[in-house]
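Each chain is listed here by its residues.
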Amino acid sequence: MDILLLTIGKTTIKYVVDGIAEYTKRLSRYVPFRIQELPDPHRGGKISEGEQKESEANLILKNLMDSDYVILLDERGREYTSREFAGLLEKLMSSGRKRTVFVVGGPYGFSTRIYDRSDAMVSLSKMTFNHEMVRLFFTEQVYRGISILNGLPYHHD
C-alpha cells in the first residue's frame, strides 16, 4: 500500500522541511510514502473563506482516485495513541487497497464535499498546529507506527 500525504500549500520552514525529509527517508525502507503539495488557491488575491474551501476542494478532488481510502487530518477526527495508530496502519496495509491518502486542508478546514468524500478522520491532537508543523508531526507518526509494526527500537512505551 502506498501512503500519500496530500497538502494545500508549500512547506517553507527549513527545520520542518529537514525533519520531513529525514522521516521520509527512514520510511522509504519500509513503505512507499510521499507528500504532494497542492498550490494554495488563496495566493495572489482576496477570496472568502467559503471560496477558498471550495477552491481547495477542487484541487484535492482532482488528485484523488476513486479507489483511494481517504483520511482527513481534522481536529474533529479520532485521536489515537501511537500504538493504536500503528494498528490502523497495519489494518490499512492488509486491506488490499493500493493507496491511502491522508489530507491536510487549508487554514479554514475542508468543504463539505471533502468531508463527504472521506472515509475517516484522524486528529493529531486537540491542540491546533500550523499546517507546516502538522506535516512534520504526521510524517514522524507514520514512521513511529511503521517502526512499531517492524519491531524497531524507536518507540518506547
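Before reading further, recall that the structure is shown in the block above.
The structure presented is a predicted model; accordingly, all values stated were derived computationally and were not measured.

Give me the lowdown on the overall build of the protein chain, citing residues and values where you can.
Per the secondary structure count, the protein chain includes five helices and five strands. Reading the secondary structure of the protein chain in the N-to-C direction produces β-α-β-α-β-α-β-α-β-α. Here the protein chain has a C-alpha radius of gyration of 15 Å; the compact-globule value for 157 residues is 15 Å, and the two agree. Principal-axis analysis of the C-alpha atoms places the extent of the protein chain at approximately 50 × 35 × 25 Å. Residues counted as buried form 43% of the 157 residues belonging to the protein chain. In the protein chain, 85% of the contacts between residues at least 6 apart in sequence involve partners at least 24 apart. As displayed, the protein chain has an accessible area near 8,600 Å², and 50% of this comes from carbon and sulfur atoms. Side-chain charges of the protein chain comprise 22 positive and 21 negative groups, with the mean position of each set lying 4 Å from the other.

How would you sum up the sheet that holds strand β4 (residues 99-104)? Please name residues and give values.
Spatially, the five strands line up as an open sheet ordered β2-β1-β4-β3-β5, and their pairing is parallel. In the strand order of this sheet, the two ends are held by β2 (33-38) and β5 (120-123), each with one partner. Taking each pair of neighbouring strands and ignoring which way they run, the sheet shows an average axis angle of 35 degrees. Pairing geometry for strand β3 (residues 69-79) and β4, over four bridges, is parallel.

Describe in detail the packing of aromatic side chains, supporting the description with residues and values.
Under the defined criterion, the tally for this structure stands at nine aromatic pairs. Taken together, a centroid distance of 6.5 Å and an interplanar angle of 75 degrees make the contact between Tyr23 and Tyr154 edge-to-face. On the criterion of sequence distance, the pair formed by Tyr23 in helix α1 (residues 14-27) and Tyr154 in the segment after α5 (131-149) is long-range, its members being 131 residues apart. For Tyr23, a relative accessible area of 16% corresponds to the buried category. Lying across the ring of Tyr143, Arg26 places its NZ or CZ 5.4 Å from the centre.

Can you break down the side chain of Gln52 residue by residue, with the values?
Along the chain, the position of Gln52 falls in helix α2 (residues 49-62). You can call Gln52 buried: its relative accessible area is 2%. Residue contacts for Gln52: discarding those within four places in its chain leaves Asp40, Pro41, His42, Ile47, Pro107 and Tyr108.

Describe the nonpolar core, naming the residues involved and giving the relevant values.
Judged by nonpolar contacts, the single largest core of 25 residues is most densely connected at Leu73, Phe102, Phe138 and Val142. When residues of this core are assigned to their parent elements, the largest contribution, seven residues, is made by α5. Contacts of Leu73, omitting those with residues within four sequence positions, involve Leu5, Phe102, Val103, Val104, Phe110, Val122, Val134 and Phe138. Counting residues in hydrophobic clusters, the runner-up holds 14 residues, among them Leu4, Val70, Leu72 and Phe110.

Cut-off values and rules
Residues numbered from 1 in each chain as written. Predicted model: local features only at pLDDT ≥ 70, side-chain atom pairs only at ≥ 80, totals over all residues. Heavy atoms only, no water. Helix = DSSP H or I, 4+ residues; strand = E, 2+ residues; numbered from the N terminus. Rg over C-alpha atoms; globule rule 2.2 N^0.38 Å. Buried < 20%, exposed > 50% of the residue type's maximum accessible area, 1.4 Å probe, protein only. Contact = heavy atoms within 4.5 Å. Areas by Shrake-Rupley, 256 points an atom, 1.4 Å probe, with all protein chains shown as cover. Lys, Arg positive; Asp, Glu negative; His and termini not counted. Charge placed at Lys NZ, Arg CZ, Asp CG, Glu CD. Pairing = 2+ DSSP bridges. Axes fitted to C-alpha atoms, helices over the stretch in contact; angles between N-to-C directions. Phe/Tyr/Trp six-rings, centres within 6.5 Å; stacked < 30°, edge-to-face > 60°. Lys NZ or Arg CZ within 6 Å of the ring centre and 35° of its normal. Core = buried A, V, L, I, M, F, W, Y, C linked by side-chain atoms within 4.5 Å.

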